[in-house]
Amino acid sequence: MSGRRRMRRLLGLRFLEEEREEAGLRRQRQLKQECLNALERSEERKALATRALHAGLESGDRAEAIFAEMALACGPMERRILQRRLTQLDATVEMAAAAWRDSRIRRMQVETLLERAETNDRRKAMAREQKSLDGWFLSSRPQGLAARADESFQRERPEWTSSDGTGRATSVHE
């Protein structure tokens, strides 16, 4: 199995891992939200029970007052349980978020390595192709043409250099 194929397989596994961690994070956040909603409903029941207690006491309805008082007595216990659960869920959500971030980083690292490998391979392929084209071009040039170009260059040289090898200026009148 080629290195790139292994990298692609690893990247696929990292995607699955990230999705799994993200689903776990969503599940933990949903549980936390449900606990927050339950705590809010408990507070609403406390407010309703307080109003019912006052209404029962004002109207003289003893049964309603006792019922409201019992609801008020149970409320703090329910809220303490919910607060403890919320504290646990906060820690669980934080751990799930850290796990998701870590899995995301691992996936992005593999993506970066794969992109670099592909870029290097493309660069090497372009260099091979350019060398091949250069070789083809040089091999297809007629040999006589290259030799004549070299000879004409050498013949022109004395015109712009002096006999001692230093350059000399030429006049338009020469």
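It should be emphasised that the depicted structure is a prediction, and the values quoted were computed from it without experimental measurement.

Attention now moves to the overall build of the chain. Counting secondary structure elements, the chain contains 3 helices and 0 strands. Ordered by position from the N terminus, the helices and strands of the chain form the series α-α-α. Relative to its full complement of 174 residues, the chain shows a buried share of 17%. Long-range contacts, defined here as pairs at least 24 residues apart, represent 72% of the contacts in the chain between residues at least 6 apart.

Moving on, we get to the pattern of salt bridges. Taken as a whole and judged by the stated rule, the model has 13 salt bridges. Salt-bridge contacts for arginine 107 lead to glutamate 18; the nearest nitrogen and oxygen are separated by 2.4 Å. Taken together, the residues arginine 107 in helix 2 (residues 62-140) and glutamate 18 in helix 1 (residues 3-59) connect sequence positions 89 residues apart. One exposure class covers both arginine 107 and glutamate 18, and it is buried. Arginine 79 is paired through a salt bridge with glutamate 43; the nearest N and O atoms lie 3.4 Å apart. With arginine 79 in helix 2 and glutamate 43 in helix 1, this residue pair connects regions lying 36 residues apart in the sequence. Taking the relative accessible area as the measure of exposure, arginine 79 reaches 11% and is therefore buried.

Our next topic: the packing of helix 1 against helix 2. The geometry of helix 1 relative to helix 2 is characterised by a closest axis approach of 6 Å and an angle of 165 degrees between their N-to-C directions. With respect to helix 2, the element helix 1 is oriented roughly antiparallel. Between helix 1 and helix 2 the crossing geometry is left-handed. For the contact of helix 1 with helix 2, the residue count by class is 31 nonpolar, 9 polar and 24 charged.

A separate point is helix 2. The end-to-end C-alpha distance of helix 2, which contains 79 residues, comes to 112 Å, matching closely the 117 Å that a straight helix rising 1.5 Å per residue would cover. In the structure, helix 2 departs most strongly from a straight axis at glycine 75, where the bend amounts to approximately 25 degrees and where the proline proline 76 lies between one and four residues downstream. Regarding helix 2, its N-cap is aspartate 61, as a side-chain oxygen of that residue lies 3.4 Å from the backbone nitrogen of alanine 63 further along.

Here threonine 87 lies in helix 2. The exposure class assigned to threonine 87 is exposed, which follows from its relative accessible area of 53%.

Now for the nonpolar core. Across soluble globular proteins, nonpolar side chains show a tendency to be buried alongside one another. Membership of the largest hydrophobic core is limited to 6 residues, which are Cys35, Ala38, Leu39, Leu82, Leu86 and Leu89. Within the residue set of this core, elements represented by two or more residues are helix 1 and helix 2. For leucine 82, the residues in contact, after removing those within four places along its chain, are Cys35, Ala38, Leu39 and Ser42.

Bringing the side chain of glutamate 21 into the picture now. Position of glutamate 21 among the secondary structure elements: in helix 1. A distance of 3.3 Å separates polar atoms of two side chains, one belonging to glutamate 21 and the other to arginine 20. Among all residues touching glutamate 21, those that are not within four sequence positions of it are Ala99, Trp100 and Ser103.

A word on the confidence of the model for the chain. Across the chain, the average pLDDT comes to 86, with 81% of residues at 70 or higher. Taking the mean pLDDT of every element in the chain, the minimum, 54, falls on helix 3 (residues 143-160) and the maximum, 94, on helix 1.

How each quantity is defined
- Every chain's residues receive numbers from 1 upward, in the order its sequence appears when written.
- Local features are withheld for residues below a pLDDT of 70 in this predicted model, meaning they are given only at 70 or higher, and side-chain atom pairs are given and counted only at 80 or more; totals for whole chains, interfaces and linings count all residues.
- Side-chain figures throughout are based on the complete set of non-hydrogen atoms in the structure, without hydrogens or water.
- A run of H or I in DSSP becomes a helix once it reaches four residues, and a run of E becomes a strand once it reaches two; helices and strands are each numbered from the N terminus.
- Only protein chains enter the accessibility calculation, which uses a 1.4 Å probe; a residue whose area is less than 20% of its type maximum is buried, one above 50% is exposed, and one in between is partly exposed.
- Contacts were defined at the residue level, with two residues in contact if any of their heavy atoms lie within 4.5 Å.
- Between Lys or Arg on one side and Asp or Glu on the other, a salt bridge is scored when a side-chain nitrogen of the former is within 4 Å of a carboxyl oxygen of the latter.
- In this description, a line fitted to the C-alpha atoms serves as the axis of each element, helices being fitted only across the stretch in contact, and the angle between N-to-C directions of two axes falls anywhere from 0 to 180 degrees.
- To sort the angles, those under 35 degrees are grouped as roughly parallel, those over 145 as roughly antiparallel, those from 65 to 115 as roughly perpendicular, and the leftovers as oblique.
- In this scheme the handedness of a crossing depends on how the near helix is turned from the far one: anticlockwise by less than a right angle means left-handed, clockwise means right-handed.
- In this classification, Asp, Glu, Lys and Arg are treated as charged, Ala, Val, Leu, Ile, Met, Phe, Trp, Tyr, Cys and Pro as nonpolar, and every other residue, Gly included, as polar.
- Expected span, for any helix, means 1.5 Å times one less than how many residues it has.
- Bend angle per residue: angle between axes fitted to the 7 residues ending at that residue and the 7 residues starting there.
- Identification of polar contacts relies on pairs of N or O atoms within 3.5 Å, with a donor-acceptor requirement for protein atoms, meaning one able to donate a hydrogen and the other able to accept it, and with residues adjacent in sequence counted only if both atoms are side-chain atoms.
- Nonpolar cores were defined as sets of buried Ala, Val, Leu, Ile, Met, Phe, Trp, Tyr and Cys residues, with membership established by side-chain atoms within 4.5 Å.
- Every residue carries a pLDDT, the predictor's confidence in it, which falls somewhere between 0 and 100.

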